[in-house]
Amino acid sequence: MSSDQKTVVITGASQGIGQTTALRFMQEGWRVITCARRGLPDDLIREDNWAHHFQVDLQGCQAVLDFIKDVRGILDGAPLHALVNNAGVSPKTPFKERLGILNGSIDGWRDVFELNFFAPLRLGRGFAGDLAKSKGAVVNITSIAGHYVHPFAGSAYSTSKAALSGLTREMAAEMAQLGIRVNAVAPGEIQTEMISPEYEALIPRIPLDRMGKPEDVAAAVFRLCSDEFNYVTGTEIFVTGGQHLY
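Calculation notes
Residues numbered from 1 in each chain as written. Predicted model: local features only at pLDDT ≥ 70, side-chain atom pairs only at ≥ 80, totals over all residues. Heavy atoms only, no water. Helix = DSSP H or I, 4+ residues; strand = E, 2+ residues; numbered from the N terminus. Rg over C-alpha atoms; globule rule 2.2 N^0.38 Å. Contact = heavy atoms within 4.5 Å. Areas by Shrake-Rupley, 256 points an atom, 1.4 Å probe, with all protein chains shown as cover. Lys, Arg positive; Asp, Glu negative; His and termini not counted. Charge placed at Lys NZ, Arg CZ, Asp CG, Glu CD. Buried < 20%, exposed > 50% of the residue type's maximum accessible area, 1.4 Å probe, protein only. Pairing = 2+ DSSP bridges. Right-handed = clockwise from strand over helix to strand, strands pointing away. Salt bridge = Lys/Arg side-chain N within 4 Å of Asp/Glu carboxyl O.

1. Structural notes on the overall build of the protein chain
Regarding its fold elements, the protein chain presents six helices and seven strands. Counted from the first residue to the last, the protein chain has its helices and strands arranged as β-α-β-β-α-β-α-α-β-α-β-α-β. Compactness check: the protein chain gives a C-alpha radius of gyration of 17 Å against a globular reference of 18 Å for 246 residues, within 12% of the reference. Dimensions of the protein chain, computed from C-alpha atoms along their principal axes, come out at roughly 50 × 40 × 40 Å. Put simply, 67% of the contacts in the protein chain that link residues at least 6 apart link residues at least 24 apart. Of the accessible surface of the protein chain, which amounts to about 11900 Å², a share of 52% is contributed by carbon and sulfur atoms. Put simply, the protein chain has 23 plus and 27 minus side-chain charges, and the middle of one group is 4 Å from the middle of the other.

2. Structural notes on the pairing of strand β4 (residues 82-85)
Each regular strand displays side chains that alternate between the two surfaces of the sheet. By the alternation rule, side chains of β4 split into Ala82 and Val84 and Leu83 and Asn85, which are all buried. As defined by bridge partners, strand β1 (residues 7-11) adjoins β4 across three bridges and the pair is classed as parallel. Its bridge partner lying in β4, isoleucine 10 is registered against valine 84.

3. Looking at the environment of isoleucine 206
In this structure, isoleucine 206 sits in the loop between β6 (181-187) and α6 (214-225). Discounting residues that sit within four places of it in the chain, isoleucine 206 has contacts with Glu189, Thr240, Gly241 and Gln243.

4. Thoughts on the pairing of β1
Counting buried residues along β1, five of its five residues qualify, which places the element largely inside the surrounding structure. In this structure, β1 lies alongside strand β2 (residues 31-36), joined through five bridges in parallel fashion. Looking across to β2, one finds that isoleucine 10 is bridged to threonine 34. In this fold, β1 hands off to helix α1 (residues 16-27), which returns the chain to β2; that crossover is right-handed.

5. Re the pattern of salt bridges
Close approach of charged atoms allows side chains with opposite charge to pair. For the structure shown, the criterion picks out nine salt bridges. With its nearest N and O atoms 3.5 Å apart, the salt bridge here joins arginine 210 to aspartate 216. By relative accessible area, arginine 210 is classed as partly exposed at 41%. Residue class for aspartate 216 comes out partly exposed when judged on its relative accessible area of 27%.

6. What about the environment of threonine 168?
By secondary structure assignment, the location of threonine 168 is in helix α5 (residues 155-175). Overall, the relative accessible area of 3% leaves threonine 168 in the buried class. Put simply, threonine 168 and glutamate 193 are 25 residues apart on the chain and 26 Å apart in space, counted from C-alpha to C-alpha.

Structure below.
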């Protein structure tokens, strides 16, 4: 690693938005460290800049702490320039319904909040010292569902993302004392492996008349971590094609 190469940690990078974001940072010359519950696809083209991938479930507190320790071992005292909290979950009940107010177990809600809310909190706290060395950036991946009732996102997922939006604001205020910027990106309907055919019905509600691409989200994340946005903190960018306007 050269002394001027920047390093980013991205969670949930085995597919979709996380993987595309990792590729964007890699192509921009950043050293990329990622994790996900699954390993990376065999056919994924990775250059030397994609330095490490950890197969880990961040839903457990100890797993998060172990991941932080492992990454800090790789850093070996060098600064961390960006943290992208992308890992998230929107589980279904045994009846194939999204977790809602009136269905599913409360323990299922706790599991959703462990990954969607507490993992970003623990990671932000755990890497604060490393990010402070570079006056780096944190980007939390929230969701349009955290701001509006969404027909296909369960209440557990939606409220966890709303909480993450609030956490972004509070992190930005507190971590500014360390010179760390904290922002969020809220995707709308993005074409990933998780999108099912029912989402096509939402396109008429999108002013740009199409679903987004993972590259659209990755571009916003990368810019928020770049020096060009070094006076932007506490902001949530909607990558929704205008869907959030209604």
